[in-house]
Amino acid sequence: MWRTRLIAMAVLALFGAGKMRFEQQLADEHRAAFFHTAKLDLSLRQQLGQMGFLAALSGFRAVLADILWLQAHAAWERTEWGRMKLLFDTVTALQPRAMFFWDMAAWHMAWNASVAAREDKTQPREALRIKAQREYFKVGEDFLLRGIQNNPDRPLLYDALGRLYRDKFNDHAKSAEAYEKAASFPEAPEYDRRFAAYEMAQVPGREREAYNRLTEFYRMGEKERLPTLLRLLRELEVKLNVPPAQRIPKVESPH
């Protein structure tokens, strides 16, 4: 009898050790892939309802996320910004590695919802309209930052963050940093490096670095000599007191 018990205990111990190693390996693989799985907590259950929560538990997260995304689109068409934001939160929680959801959620909030807030005729006070607009900018930023936390290995959301800082926050330093990060990935669009230099050219104290980078683009040939690049180069030449003989010619681009 005692031998049987010892054997059973040994089998259980081996099973437990193997299970722990397997679970630890699975967790390590998730972290290595930057996968932050949806938190199936009380907050998410309240958002999904009982049936939706059970569906998420049953492995239907992708299908459920698609359904909720369609609802968010309908909320956008009805300009129900609060409901749309709540649905976006749920969708991105269910599918944190789907960058399309993060990107579009940020765009809807920082562009569409912010414009609606700025033009809201039911709010007579302009200061409050501007405040609401800026709050939607921050919501868009939050979606992108959370999306990057879940997808730090891809350029798309860094690129979107650079555009947001440039177009909505007018923060050239942060925009340059985001574009620079996007450009560090091999699959990043070619324009990310150029945009990083464009934004850097407008950051006080980084004029010389930006000038050197823009000059590199200029020397690459006619294709790179776009109007924005030429304009910024000429502005930096004045700021940096570049000798006239070293400045770019006045007429250079056919664009």
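Residues numbered from 1 in each chain as written. Predicted model: local features only at pLDDT ≥ 70, side-chain atom pairs only at ≥ 80, totals over all residues. Heavy atoms only, no water.

> Is there a simple way to think about the packing of helix α6 (residues 126-150) against helix α7 (residues 156-169) in this case?
A pair of packed helices can be characterised by two numbers: the angle between their axes and the separation between those axes. Interhelical geometry of α6 versus α7 gives an angle of 160 degrees and a closest axis separation of 9 Å. Our classification of the angle between α6 and α7 gives roughly antiparallel. For the pair α6 and α7, the crossing hand works out as left-handed. Contact residues: α6 offers Phe137, Lys138, Gly140, Glu141, Leu144, Leu145, Gly147 and Ile148, while α7 offers Leu157, Tyr158, Ala160, Leu161, Leu164, Tyr165, Lys168 and Phe169. In terms of residue class, the contact of α6 with α7 is built from eleven nonpolar, two polar and three charged. (Axes fitted to C-alpha atoms, helices over the stretch in contact; angles between N-to-C directions. Helix = DSSP H or I, 4+ residues; strand = E, 2+ residues; numbered from the N terminus. Parallel < 35°, antiparallel > 145°, perpendicular 65-115°, else oblique. Left-handed = near helix turned anticlockwise from the far one by under 90°. Contact = heavy atoms within 4.5 Å. Nonpolar A, V, L, I, M, F, W, Y, C, P; charged D, E, K, R; others polar.)

> Which parts of the structure should I look at to understand unusual backbone geometry?
Note: most peptide bonds trans; most residues except glycine with negative phi. The phi angle at threonine 79 is positive, at roughly 55 degrees, despite the residue not being glycine. One can find threonine 79 in the loop between α3 (61-77) and α4 (81-94). For asparagine 241, which is not glycine, the phi dihedral falls at a positive 55 degrees. Position of asparagine 241 among the secondary structure elements: in the segment after α11 (227-239).

> Whenever I open this one, the nonpolar core confuses me. Can you help?
For soluble globular proteins, the rule of thumb is that nonpolar side chains tend to be buried together. Ranked by internal contacts, the top residues of the largest apolar core, which has 33 residues, are Met84, Phe88, Phe143, Leu144 and Leu161. Per-element accounting of this core gives the leading share, eight residues, to helix α5 (residues 99-118). Excluding residues that lie within four positions of it along the chain, phenylalanine 88 makes contacts with Trp69, Ala72, Ala105, His108, Met109 and Phe143. (Core = buried A, V, L, I, M, F, W, Y, C linked by side-chain atoms within 4.5 Å. Buried < 20%, exposed > 50% of the residue type's maximum accessible area, 1.4 Å probe, protein only.)

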